[in-house]
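Here is how the chains run, residue by residue.
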There are 2 protein chains.
Amino acid sequence: MSSAPSHPSYEPSSQHEAIIDLLAALAYAELSAFDRLAEDARLAPTLDARARMAGMAALELSHHTLLTAHLTELGAVPAEAMAPFVAALERYHELTAPSTWLEAVVKAYVGDGMAADFYREVAEFVDPSTRQLIHDVLTQGGRAEFAVSEVRSAVAANPAAAGRLALWARRLVGEAISQTQHVLADRDALMVLLMQSRGDFAGVAGLIARITERHEERMASLGLST
Amino acid sequence: MSSAPSHPSYEPSSQHEAIIDLLAALAYAELSAFDRLAEDARLAPTLDARARMAGMAALELSHHTLLTAHLTELGAVPAEAMAPFVAALERYHELTAPSTWLEAVVKAYVGDGMAADFYREVAEFVDPSTRQLIHDVLTQGGRAEFAVSEVRSAVAANPAAAGRLALWARRLVGEAISQTQHVLADRDALMVLLMQSRGDFAGVAGLIARITERHEERMASLGLST
């Protein structure tokens, strides 16, 4: 499984391996998102808000189910394919456990947004059936939009909260990038695929720049200055 | 809201009130089931098993969503209607927190089965649109059937586990009945409705007898002698 070349090249077998890696990483990200969103839903101040957060957890689980079915179609065993990514995602969640409902809401929104960024990144260089799957996942409704109204109304009531939440969001992105780099250091084929995805060698640095830029857009839509 | 008569009678207003109570109790039962199944999924020995338990949680949440939508159609505010049932259901879960994966699986199966029993009980005396809703909930797939194979294979590998799990299941039913009695003591209209549902006055005792009987059937399907 570690037969990827040490310099960028485009062998079909290593590309297949990298796509399996990407889908498996996303599949475990969705399963752990279910787990943590379900837990964070308990921080909700009302039963309605709790049900909305729970609904987001259920949506992430439906993505997990789509991804594992597709992994099976591609000849992978989902649990085995996901195993290399469990530790990094669990570490991310341990380092970013929300202590308030608003932190939980911002984490849901930022995490869902970063996941969508990754889906879009990978959509550019995968086979048509995988691209269709990603399209299906991204167009499913309810991508944490409830977070926008929750955060905007909280910040309107208490403007001092904005700076603190913006810092929190920045920490979330920092930890996510850090864990992604740890994972990529061990996954040669995946690294090669990401480096080649834009036809240049800006590679991971470019990926991080794009994700950071989209994060700024998301902060603006939450009404949080950064 | 406590205007129900102290003797059995059949006033439309108190029947409406009782149906709201029943649907609200089930709605909160489904939301808390989501919460606890999501938590218990972490006890799973494999990622596949964890995803199956998580899938069951998501299914319960979809029932919650159907029920709250129906409560709104009936003119109730779901969060207000659910409020009187929160404490009893949380108490049930506190008293029955599983300490092993098999306890969690048995709890999922028994809890889902008891919920189905309640749905069937209420289906007999509600309006057609509510009856349709209940039918929809009961015919949605995946009612914890994965539990049957999990428990059967565990008991086959370790026959001594059967007695312990059967005792655990009996405790679950006992706590559920106990909490139901606490709730009914405070909900006059609901009590009247349940007493009248079979056209006799066996009432709650009859309800408990039916639920206990179905529990024995479920234990048999799990391969647990009682």
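Predicted model, so just to flag it, every value in this text is computed and none were measured.

Caption draft 1: Local environment of the overall build of chain A. Each helix and strand counted, chain A has nine helices and zero strands in total. Along the chain direction, N to C, the helices and strands of chain A fall in the order α-α-α-α-α-α-α-α-α. When contacts within chain A are restricted to residue pairs at least 6 apart in sequence, long-range pairs at least 24 apart make up 80% of them. Carbon and sulfur atoms make up 58% of the accessible area of chain A, which amounts to about 9700 Å² in all.

Caption draft 2: Molecular detail of the nonpolar core. Grouped together as the largest cluster of nonpolar side chains are 159 residues, with contacts concentrated most on A:Met53, A:Val106, A:Leu224, B:Met53, B:Val106 and B:Leu224. Beyond its immediate stretch of four places on either side in the chain, A:Met53 contacts A:Leu37, A:Asp40, A:Ala41, A:Trp101, A:Ala104, A:Val105, A:Ala108 and A:Phe146.

Caption draft 3: Highlighting the interface of chain A and chain B. Across the contact, 22 residues belong to chain A and 22 residues belong to chain B. Roughly 1800 Å² is buried in total at the junction of chain A and chain B, and carbon and sulfur atoms are behind 63% of that figure. Of all residues in chain A, A:Arg42, A:Leu47 and A:Arg50 give up the largest surface area on contact with chain B, accounting jointly for 31% of the area buried on that side. The interface formed by chain A and chain B includes six salt bridges.

Caption draft 4: Molecular detail of the relation of the copies chain A and chain B. Mapping chain A onto chain B calls for a rotation angle of 180° and an axial translation of 0.0 Å; the resulting RMSD is 0.0 Å. Viewed as a symmetry operation, the transformation between the two copies matches a two-fold axis. No C-alpha of chain A approaches the rotation axis more nearly than that of A:Ala58, which lies at 2.5 Å. A share of 100% of interface residues in chain A that are also interface residues in chain B marks the association as one of identical surfaces.

Caption draft 5: Structural view of the side chain of B:Thr68. Residue and element names in this part refer to chain B. The residue Thr 68 is located in helix α2 (residues 47–73) in this model. At a separation of 3.1 Å, a polar atom in the side chain of Thr 68 contacts the main-chain carbonyl oxygen of Thr 65. Those residues in contact with Thr 68 that sit more than four places away from it in its chain are Ala 27, Pro 78 and Met 82.

Caption draft 6: The confidence of the model for chain A, seen in detail. Put simply, chain A has an average pLDDT of 86, and 89% of its residues get 70 or more. Per-residue pLDDT stays below 50 along residues 1–10 of chain A; that stretch engages in 13 contacts with residues further than four places along the chain or on separate chains.

Caption draft 7: Representation of the environment of A:Ile19 in the model. Residues and elements named next belong to chain A. Mapping Ile 19 onto the fold places it in helix α1 (residues 12–40). Note: C-alpha distance between Ile 19 and Glu 39 (20 residues apart in sequence) is 30 Å. Those residues in contact with Ile 19 that sit more than four places away from it in its chain are Leu 74, Phe 125, Val 126, Asp 127 and Leu 193.

Caption draft 8: Region of interest: the packing of aromatic side chains. What the rule picks out here adds up to one aromatic pair over all chains. Ring centres of A:Phe34 and B:Phe34 lie 6.0 Å apart, and the angle between their planes is 80°; this geometry places the pair in the edge-to-face category. Of this pair, A:Phe34 sits in helix α1 while B:Phe34 sits in helix α1 (residues 12–40), each in a different chain. We classify A:Phe34 as buried; its relative accessible area is 2%.

Caption draft 9: Spotlight on helix α3 (residues 78–95) of chain B. Counted at 1.5 Å a residue, the expected span for α3(B) with its 18 residues is 26 Å, and the 26 Å between its end C-alpha atoms agrees. Within α3(B) the residues assigned to the buried category are B:Pro78, B:Ala81, B:Met82, B:Phe85, B:Ala88, B:Leu89, B:Glu90, B:Tyr92 and B:His93.

Caption draft 10: Summary view of the packing of helix α3 (residues 78–95) of chain A against helix α7 (residues 161–186) of chain A. Residues and elements named next belong to chain A. One can describe the packing of α3 onto α7 by two numbers: an axis separation of 10 Å at closest approach and a directional angle of 160°. Taken together, α3 and α7 sit at an angle that is classed as roughly antiparallel. Where α3 crosses over α7, the two elements pack in a sense that is right-handed. Contact with α3, carried on its side by Phe 85, Ala 88, Arg 91, Tyr 92 and Leu 95, involves Arg 171, Leu 172, Glu 175, Ala 176, Gln 179 and Val 183 of α7 and no other residues of that element.

Caption draft 11: Structural detail: the pattern of salt bridges. Evaluated as defined, the whole model comprises 24 salt bridges over all chains. The partner of A:Arg42 in a salt bridge is B:Asp35, and the shortest N-O contact between them spans 2.6 Å. Taken together, the positions of A:Arg42 in the loop between α1 and α2 (47–73) and B:Asp35 in helix α1 put the pair across two chains. By relative accessible area, which is 36% here, A:Arg42 ends up partly exposed. By relative accessible area, which is 4% here, B:Asp35 ends up buried. For A:Arg218, the salt bridge goes to A:Asp117, with nearest N and O atoms at 3.0 Å. Taken together, the residues span a long stretch of sequence, with A:Arg218 in helix α9 (residues 203–222) and A:Asp117 in helix α4 (residues 101–123) at a distance of 101 residues. Comparing A:Arg218 with A:Asp117 shows no difference in burial state: the two are buried. Put simply, A:Asp35, A:Arg36, A:Glu39, A:Glu90, B:Arg42 and B:Arg50 are held in one network by salt bridges that share partners.

Caption draft 12: Structural view of the side chain of A:Ser32. Looking at the element boundaries, A:Ser32 is found in helix α1. For A:Ser32, a relative accessible area of 0% corresponds to the buried category. A polar side-chain atom of A:Ser32 sits 3.1 Å from the main-chain carbonyl oxygen of A:Ala29. The contact partners of A:Ser32, leaving out residues within four places of it in the chain, are A:Leu89, A:Glu90, A:His93 and B:Arg50.

Caption draft 13: The arrangement of the environment of A:Pro98 in detail. All names here are of chain A. Looking at the element boundaries, Pro 98 is found in the loop between α3 and α4. Residues Pro 98 and Thr 139, 41 residues apart in the sequence, show an inter-C-alpha distance of 27 Å. Residues within four places of Pro 98 in sequence aside, it is in contact with Asp 40, Leu 43, Glu 103, Ala 104, Lys 107 and Trp 168.

Caption draft 14: Summary view of the environment of A:Arg36. Looking at where A:Arg36 falls in the secondary structure, it is placed in helix α1. Through-space distance from the C-alpha of A:Arg36 to that of A:Ala104 is 9.3 Å; in sequence the pair is 68 residues apart.

About the thresholds
Residues numbered from 1 in each chain as written. Chains lettered and ligands numbered in written order. Predicted model: local features only at pLDDT ≥ 70, side-chain atom pairs only at ≥ 80, totals over all residues. Heavy atoms only, no water. Helix = DSSP H or I, 4+ residues; strand = E, 2+ residues; numbered from the N terminus. Contact = heavy atoms within 4.5 Å. Areas by Shrake-Rupley, 256 points an atom, 1.4 Å probe, with all protein chains shown as cover. Core = buried A, V, L, I, M, F, W, Y, C linked by side-chain atoms within 4.5 Å. Buried < 20%, exposed > 50% of the residue type's maximum accessible area, 1.4 Å probe, protein only. Buried area = accessible area lost by both parts, 1.4 Å probe. Salt bridge = Lys/Arg side-chain N within 4 Å of Asp/Glu carboxyl O. Least-squares fit on C-alpha atoms with pLDDT ≥ 70 in both. Polar contact = N/O pair within 3.5 Å; in protein donor to acceptor, adjacent residues only side chain to side chain. pLDDT = per-residue confidence, 0-100. Phe/Tyr/Trp six-rings, centres within 6.5 Å; stacked < 30°, edge-to-face > 60°. Expected span 1.5 Å × (residues − 1). Axes fitted to C-alpha atoms, helices over the stretch in contact; angles between N-to-C directions. Parallel < 35°, antiparallel > 145°, perpendicular 65-115°, else oblique. Left-handed = near helix turned anticlockwise from the far one by under 90°.

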